[in-house]
Amino acid sequence: MSLTQLVISIVGVLGLALVARWLRLGESRIATPDDACRIAEEMLAGFEARRAIVSKDGNAALVAGNGTVAVLKRHGAKVAARRLVPPLVIRDAVEGATIETGERLFGSVTLINVFPDDARALAAPLTLV
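Please read these numbers as outputs of a predicted model, since none were measured by experiment. (Residues numbered from 1 in each chain as written. Predicted model: local features only at pLDDT ≥ 70, side-chain atom pairs only at ≥ 80, totals over all residues. Heavy atoms only, no water.)

A.B. asks: Sorry, what's going on with the packing of aromatic side chains here?
C.D. replies: Each pair of aromatic rings is reported with the distance of its centres and the angle of its planes. Applying the stated rule across the entire model yields zero aromatic pairs. Geometry around Phe106 places Lys73 over its ring, the cationic atom sitting 4.7 Å from the centre. (Phe/Tyr/Trp six-rings, centres within 6.5 Å; stacked < 30°, edge-to-face > 60°. Lys NZ or Arg CZ within 6 Å of the ring centre and 35° of its normal.)

A.B. asks: Whenever I open this one, the sheet that holds strand S1 (residues 51-54) confuses me. Can you help?
C.D. replies: Hydrogen bonds along the backbone pair up the strands of a sheet, which may run parallel or antiparallel. The sheet built from four strands is open, its strands ordered S1-S2-S3-S4 with antiparallel pairing. Looking at the sheet topology across the chains shown, the edges are occupied by S1 and strand S4 (78-84). Recorded for the sheet is a direction-independent mean angle of 20° between the axes of neighbouring strands. Relative to strand S3 (residues 69-75), strand S2 (residues 60-64) runs antiparallel, the two sharing five bridges. Each bridged residue has a counterpart across the sheet, and for Val63 the counterpart in S3 is Ala70. (Pairing = 2+ DSSP bridges. Helix = DSSP H or I, 4+ residues; strand = E, 2+ residues; numbered from the N terminus. Axes fitted to C-alpha atoms, helices over the stretch in contact; angles between N-to-C directions.)

A.B. asks: Just to check I follow, could you spell out the nonpolar core for this structure?
C.D. replies: Grouped together as the largest cluster of nonpolar side chains are 19 residues, with contacts concentrated most on Leu62, Val71, Leu88, Ile90, Ile99 and Leu111. Contributing elements (two or more residues each) for this core: S2, S3, S4, strand S6 (96-100), strand S7 (109-112) and helix H3 (116-127). Among residues more than four places away in sequence, those in contact with Ile90 are Ala97, Thr98, Ile99, Pro116, Ala119 and Arg120. The next biggest cluster of nonpolar side chains, apart from the first, holds 15 residues, and it includes Ile30, Ala36, Ile39 and Ala70. (Core = buried A, V, L, I, M, F, W, Y, C linked by side-chain atoms within 4.5 Å. Buried < 20%, exposed > 50% of the residue type's maximum accessible area, 1.4 Å probe, protein only. Contact = heavy atoms within 4.5 Å.)

A.B. asks: Could you clarify how one ought to interpret the environment of Glu103 in this entry?
C.D. replies: Relative to the helices and strands, Glu103 is located in the loop between S6 and S7. As for Glu103 and Arg82, which are separated by 21 residues in sequence, their C-alpha atoms are 9.3 Å apart. At 3.0 Å, the side chain of Glu103 forms a polar contact with the side chain of Arg82. (Polar contact = N/O pair within 3.5 Å; in protein donor to acceptor, adjacent residues only side chain to side chain.)

Structure (structure tokens):
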């Protein structure tokens, strides 16, 4: 392999990386509560989002809907969602609040810089009859 081929290969790879970044491919950050509501409605059939709390790092969100709660978390380059029925199991964590989904493969979801009481308040109106 000559030096010219090596340079052309490196420039090509960097060019593709730049195009992917420009097109925002692989970006799955949950930036705002509105984004969280939109994602939850798109991913869960029949879900109507009302309010949301988003983790400071954009990796997770909790969305209150029509009688259920959606838990969102980044999973690689995509966002995964699960529907939970209140009452939720919410634990205090050093970073914020941790929601237990009860699903071993999905795992628990930690909302950074979110107070556990705020997460409980989001789901509390859904438990009232």
